[in-house]
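Structural features, examined
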Amino acid sequence: MEPLSLAFRERAARALHDPVLATAMQRLERGWQAARARAAADLPEFEALRDAAVAIKDHVLANLDLYLEEFERRFTAAGGVIHWARDAAEARAIILDICRRAKARTVTKSKSMVAEEIGLNAYLEAQGLRVIETDLGEYIIQLAGDVPSHLVGPAVHMTRERIAELFAKAHGGPPKQDSAALVAEARQVLRQRYLEADVGITGANFLIAETGSIVTVTNEGNAELTQGLPKVHIALTGIEKIVPTVAEAFVFLRLLARSATGQEFSAYTTFLTGPKREDERDGPQEMHLVLLDNGRSRMLGGPFREMLRCIRCGACMNHCPVYLAAGGHAYGWVYVGPMGSVLTPHFVGIDKSWPLPNASTFCGRCEEVCPVRIPLPKLMRLWREEAHKRGLAPPAARVGLTLWAFFARRPALYRLATRLAMAALGALGRRRGRFSRLPFASGWTVSREFPAPQGPTFTAQWRAARGAKG
Amino acid sequence: MADSPRVALFVTCLVDLFRPSVGWAAVALLEAAGCRVEVPEPQVCCGQPAFNSGDRRTTEDLARQLIPALEPFDYVVAPSGSCAGMLRRHFPELFEGDPAWSARARAVAAKSFELVSFLVEVRGMRVPPGRFSGRVTYHDSCSGLRELGIKDQPRRLLRAMSGLELIEMEGCEVCCGFGGTFCVKYPEISTKMVDDKAARAEASGAELLLAGDLGCLMNIAGRLARRGSNMQVRHVAEVLAGRLDAPPIAQSRG
Ligand code: SF4
């Protein structure tokens, strides 16, 4: 997917006029945000779990090579085949090759952000494969030719009416009116597709080193059908998804659903260890795991390491006032919200995405709710430093900052200049106490009055009243 | 020191330039709490505009300019959660791994406080000197709330004022959309955020909105005024000190 993040401001401005989006975002705020607060309050050890999760992740990241090797040994011993992919192109080629060898024509897919990251669907379709998304949200997005706007709910931006229209067009028949009928219709259609599929592609929420298992989490059970029914199962995920033990996986499972949607546990959680064995009735004959680096090992060795703790719960966006105003599509690439503002520059380059880490008030709510306590504002600030070094900010902002810094470094001059400026502004604004328009401040006055200064500065008053010494 | 500490008032650039009455209110409160107040020079700005724009060099230079001025004092107090957060949290971060400056930055950070939390936690203030009657609502500014844990302290002092009724508005912890340079870099999103804030403030039924950060206050007052609201906006220190002679933010005398 070609990044459109440079146009963040314009895309966000347009989104602000979209009443459908506004309703959807309100649903998120009143729904998932409130549900997460309740879930966190209902679990006395919630904060302790968060601390434990941070410790586990940090430990794994410090020893990632060892855990990946251990995982590979167990996974292979259980009969799985592991593939290491350095970048998106390699991962796509590996997956295509497996599909070709399986003589696949139809591929079912459960939700995978890593698949979005590598642009898998478009690639496989261009190679003549039929790809069917089985997560309801992803299925809707696919029908609409759209892209996800949220990590957990890819179609949160859509109304029921729009979905009914899409379904009627794709499946025939009159548009259904209620949600239950729509879900039933999707189930009906997808059931057939599961049976037709030659290959099933899933993501993996966790990889367990001690058992070589992969863990998938869904609310629809579609990952189970995607991985269990076709002959060949391909799981695709990033190398950072390792946890050492089953017990530790549960720390994350307890946090994930609560942080994402306020559920105590996701509806379906599956631990999968190897393909179908002799004595088993169900399961794929082949099980592949594509482990993607795509810049993750670089992140591991640098100042962004903490970002690799992310478990893709979406809490940061559910609580982000900027995301809730702008919607996911404004971000212009796969990952959105605060976590997207940190990740996107890694994948597409800061020169193609610098507006994202700048589009934050640093209000800190994302960090406050992130189950693994990722310091998202700090990481966004690191990207701002990188953008500043490369001179990527818009000219007006750079000139303003340079001018301000010139005075701020010269306190005596600053005193003099501000005294004169405030005296003048104060006199001009005295009658109304505010300005409706000011040169150089149109970004403010377009929607706000600008409060007039009282006149003499505090430091000048203090000096006059209490002497120069202070 | 215990009975009469020497306090450096870091007045913050916005208060210095736009609303000196907040500085005087802070002086009154600190003196009521038994402090000897001084305003050391040079103090210009804590450096946040540069810090948040990714200009690390200017930030460090400004910090090196400010730290020596603050070092001689028992405490440094700022009428702003955001600037106090910069001193407390980010100054040490800036000089991590710099042997000459990191200890100095940490020492200044350890004695730097936001005004209201300083009054309550360090000086044990229970009842503020000011008088006020009316219905007020309190906006939790982000840095104060999340970097410094300021939530209860201002409310405790406000509730101790007889005649003052504190009404919580919906979403008092949600950002007002100021965000320093954010409000002019992304005016559309910022407007949406401050408009939501203004609407919720009006819906609370309070006559006066208070907060501890002038940036947020100017933003909210500016939006309320543009909406044609007659809700008043002030810094919490003005009410706590009972210094209400200056007209509310973005309003004129009379
Ligand atoms: S950054 Fe934190 S809150 Fe956001 S998706 Fe990742 S784990 Fe969840």
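Per chain, residue numbering runs from 1 following the sequence as it is written. Just so you know, chain letters begin at A and ligand numbers begin at 1, following the order they were written in. Where local features are concerned, this predicted model is filtered to residues with pLDDT of at least 70; where side-chain atom pairs are given and counted, the filter is 80 or more; whole-chain, interface and lining totals use all residues. As a rule here, side-chain values come from all non-hydrogen atoms in the structure, and water together with hydrogens is ignored.

**A closer look at the overall build of chain A**
- Within chain A, the regular secondary structure consists of 23 helices and 12 strands.
- Judged by the C-alpha coordinates and their principal axes, chain A covers about 90 × 55 × 45 Å.
- For every residue, the accessible area obtained with a 1.4 Å probe (protein chains only) is divided by the maximum for its type, and the residue is called buried under 20%, exposed over 50%, and partly exposed between those limits. Looking at the 470 residues of chain A, the share that counts as buried comes to 56%.
- Should any heavy atoms of two residues lie within 4.5 Å, those residues are counted as being in contact. Across chain A, every contact between residues at least 6 apart in sequence was considered, and the portion connecting residues at least 24 apart equals 72%.
- Each accessible area is a Shrake-Rupley estimate made with a 1.4 Å probe; only the visible protein chains count as cover when residues are assessed. Carbon and sulfur atoms make up 55% of the accessible area of chain A, which totals about 20000 Å².
- When charges are tallied, Lys and Arg are placed among the positive residues and Asp and Glu among the negative ones, while His and the ends of the chain are skipped. Throughout, a charge is located at the NZ atom of Lys, the CZ atom of Arg, the CG atom of Asp or the CD atom of Glu. Between the averaged position of the 61 positive side-chain charges in chain A and that of its 48 negative side-chain charges there is a distance of 12 Å. Where helices and strands are cited, they refer to DSSP runs of H or I of at least four residues and of E of at least two residues respectively, numbered from the N terminus.

**What about the domain arrangement of chain A?**
- Where each domain starts and ends comes from a domain assignment, either automatic or drawn from a database. In terms of domains, chain A is made up of domain 1 (1-42 + 314-393), domain 2 (57-297) and domain 3 (396-469).
- Taking only C-alpha atoms, the centre of domain 2 of chain A and the centre of domain 3 of chain A are 56 Å apart.

**A closer look at the pattern of salt bridges**
- One side-chain nitrogen of Lys or Arg within 4 Å of one carboxyl oxygen of Asp or Glu is enough to make a salt bridge. Applying the stated criterion to the full structure yields 52 salt bridges over all chains.
- Among the salt bridges present, the one from E117 of chain A reaches R296 of chain A, with a minimum N-O distance of 2.8 Å. Of this pair, E117 of chain A sits in helix α6 (residues 113-117) while R296 of chain A sits in helix α13 (residues 296-300); the two residues are 179 residues apart in sequence, bridging distant segments of the chain. R296 of chain A shares its class with E117 of chain A; the two are buried.
- The partner of K378 of chain A in a salt bridge is E306 of chain A, and the shortest N-O contact between them spans 3.4 Å. With K378 of chain A in helix α19 (residues 376-389) and E306 of chain A in the loop between α13 and α14 (315-318), this residue pair connects regions lying 72 residues apart in the sequence.
- Through salt bridges with shared partners, one network takes in E385 and R409 of chain A together with R56, E60, D61 and R64 of chain B.

**Quick notes on the interface of chain B and chain A**
- Facing the 71 residues of chain B at the interface are 64 residues of chain A.
- Buried area: the accessible area, evaluated with a 1.4 Å probe, that two parts lose upon being put together, summed over both parts. Roughly 5900 Å² of surface becomes buried between chain B and chain A when both sides are summed, with 59% attributable to carbon and sulfur atoms.
- There are 11 salt bridges connecting chain B and chain A.
- The shortest N-O distance in the salt bridge between R146 of chain B and E368 of chain A comes to 3.0 Å.
- Whenever a nitrogen or oxygen atom comes within 3.5 Å of another N or O atom, the pair is scored as a polar contact, on the condition that within protein one atom can donate a hydrogen and the other can accept it, and that pairs from neighbouring residues in sequence are kept only if both atoms are in side chains. For the interface between chain B and chain A, the tally reads 35 residue pairs in polar contact (both at pLDDT 80 or more).
- A per-element tally of the side of chain B that touches chain A places helix α11 (residues 187-203) of chain B first, with 9 residues.

**Quick word on the nonpolar core**
- Among the nonpolar cores identified, the biggest contains 97 residues, and F8, M307, Y323 and M339 of chain A are the most heavily contacted of them.
- Among the elements that line this core, the one with the most residues is helix α12 (residues 246-260) of chain A, at 7 residues.
- Each residue touching M307 of chain A, except ones within four places of it in the same chain, is listed here: M299, M339, V342, L343, I374, L376 and L379 of chain A.
- As used in this record, nonpolar core signifies buried Ala, Val, Leu, Ile, Met, Phe, Trp, Tyr and Cys residues forming a set joined through side-chain atoms within 4.5 Å. Counting 79 residues, the second-largest nonpolar core is a separate cluster that includes L62, F113, L119 and C216 of chain B.

**Overview of the site of the ligand**
- By convention in this text, a residue qualifies as near a molecule or strand provided that one of its non-hydrogen atoms is within 4 Å of it. Near the ligand you find 14 residues, and of these C310, C313, G314, C316 and C370 of chain A are the closest.
- Any residue outside Ala, Val, Leu, Ile, Met, Phe, Trp, Tyr, Cys, Pro, Asp, Glu, Lys and Arg is labelled polar, Gly included; the first ten of those are nonpolar and the last four are charged. When grouped by side-chain class, the residues that make up the shell around the ligand number 12 nonpolar, 1 polar and 1 charged.

**Considerations on the packing of helix α23 (residues 458-466) of chain A against helix α2 (residues 20-32) of chain B**
- As a packed pair, α23 of chain A and α2 of chain B sit with axes 9 Å apart at the nearest point and diverge in direction by 50°. Between α23 of chain A and α2 of chain B, the interaxial angle falls into the category oblique. For the crossing formed where α23 of chain A meets α2 of chain B, the hand is right-handed. Contacts between α23 of chain A and α2 of chain B involve F458, Q461, W462, A465 and R466 of chain A from the former and P20, G23, W24, V27 and E31 of chain B from the latter.
- Per-class residue counts for the contact of α23 of chain A with α2 of chain B are 6 nonpolar, 2 polar and 2 charged. For helices, the axis comes from a line fit to the C-alpha atoms of the stretch in contact; other axes are also lines fit to C-alpha atoms, and the angle between any two N-to-C directions lies between 0 and 180 degrees. Orientation labels follow simple angle bins: below 35 degrees gives roughly parallel, above 145 gives roughly antiparallel, 65 to 115 gives roughly perpendicular, and whatever is left gives oblique. Rotating anticlockwise by less than a right angle from the far helix to the near helix defines a left-handed crossing, while the corresponding clockwise rotation defines a right-handed one.

**Brief notes about the sheet that holds strand β5 (residues 206-208) of chain A**
- Criterion used throughout: strands pair if DSSP finds at least two bridges between them. Across the sheet, 4 strands lie side by side as β8-β5-β6-β9 (chain A); this open sheet has mixed pairing. Every other strand in the sheet has two partners, leaving β8 (242-243) and β9 (268-272) of chain A as the edge strands with one partner each.

**Quick word on the domain arrangement of chain B**
Residue and element names in this part refer to chain B.
- What the domain assignment lists for chain B is domain 1 (6-121) and domain 2 (127-241).
- Measuring from the centre of the C-alpha atoms in domain 1 to the corresponding centre in domain 2 gives 22 Å.
- The interface of domain 1 with domain 2 comprises 26 residues on the first partner and 23 residues on the second.
- Looking at the side of domain 1 facing domain 2, the largest losses of area belong to L29, V116 and V120, adding up to 24% of the total buried there.

**Focus on helix α9 (residues 160-171) of chain A**
All names here are of chain A.
- In this analysis, the expected span of each helix is defined as 1.5 Å times one less than the number of residues it contains. Taking 1.5 Å per residue, 12 residues should reach 16 Å; α9 reaches 16 Å between its end C-alpha atoms and fits that length.
- If you check which residues of α9 are buried, you get I163, A164, L166, F167 and A168.
- Phi turns positive, to about 80°, at G172, one or two residues after α9.

**Quick notes on the environment of L207 of chain A**
All names here are of chain A.
- In this fold, L207 is placed in strand β5.
- Distance from L207 to F271, taken between C-alpha atoms, is 9.2 Å for residues 64 residues apart in sequence.
- Once you skip the residues sitting within four places of it in the chain, L207 turns out to touch F71, S213, I214, T237, K241, I242, V243, L289 and L291.

**Here's the deal with the packing of aromatic side chains**
- The pairing test for Phe, Tyr and Trp rings, Trp by its six-membered ring, is centres within 6.5 Å, and the orientation test on the planes gives stacked under 30 degrees, edge-to-face over 60, and tilted for anything in between. Taken as a whole, this structure holds 24 aromatic pairs over all chains when the rule is applied.
- Through a chain of ring-to-ring contacts, three or more aromatic side chains come together here, namely F8, Y323 and Y331 of chain A together with F182 and Y186 of chain B.
- For a lysine, the NZ atom is tested; for an arginine, the CZ atom; a charge sits over a ring if that atom is within 6 Å of the ring centre and within 35 degrees of the ring normal. Lying across the ring of W444 of chain A, R448 of chain A places its NZ or CZ 5.0 Å from the centre.
- Across the ring face of F73 of chain B, the terminal group of R6 of chain B is positioned such that the distance to the ring centre comes to 4.4 Å.

**Let's talk about helix α8 (residues 136-144) of chain A**
- When α8 of chain A is considered as a whole, its buried residues turn out to be G137, E138, Y139, I140 and I141 of chain A.
- Backbone geometry just after α8 of chain A places G145 of chain A at a positive phi near 65°.

**Re the pairing of strand β6 (residues 213-218) of chain A**
All names here are of chain A.
- Of all the 6 residues making up β6, 6 are buried; the element is thus mostly covered by neighbouring parts of the structure.
- Alternating residues of β6 divide into S213, V215 and V217 and I214, T216 and T218, and every residue in both groups is buried.
- As defined by bridge partners, β5 adjoins β6 across 3 bridges and the pair is classed as antiparallel. The residue bridging L207 from the neighbouring strand is I214, located in β6.

**Brief notes about the packing of helix α7 (residues 115-122) of chain B against helix α9 (residues 152-159) of chain B**
All names here are of chain B.
- Put simply, α7 and α9 touch, their axes get as near as 8 Å, and they point 75° apart. When the axis of α7 is compared with that of α9, the two are roughly perpendicular. Here V116, S117, V120 and E121 of α7 lie close against α9, whose contacting residues are Q153, P154, R156 and L157.
- Looking at the contact of α7 with α9 residue by residue, the classes come out as 4 nonpolar, 2 polar and 2 charged.

**Examining the pairing of strand β8 (residues 232-235) of chain B**
Residues and elements named next belong to chain B.
- Both strand β7 (residues 208-211) and β8 contribute to a ladder of 4 bridges, which runs parallel. Paired with L208 across the two strands is Q232, which belongs to β8.
- For the segment spanning β7, helix α12 (residues 214-226) and β8, crossover handedness is right-handed. We call a crossover right-handed when, viewed with both strands directed away from the observer, the connection leading from the first strand over the helix to the second proceeds clockwise.

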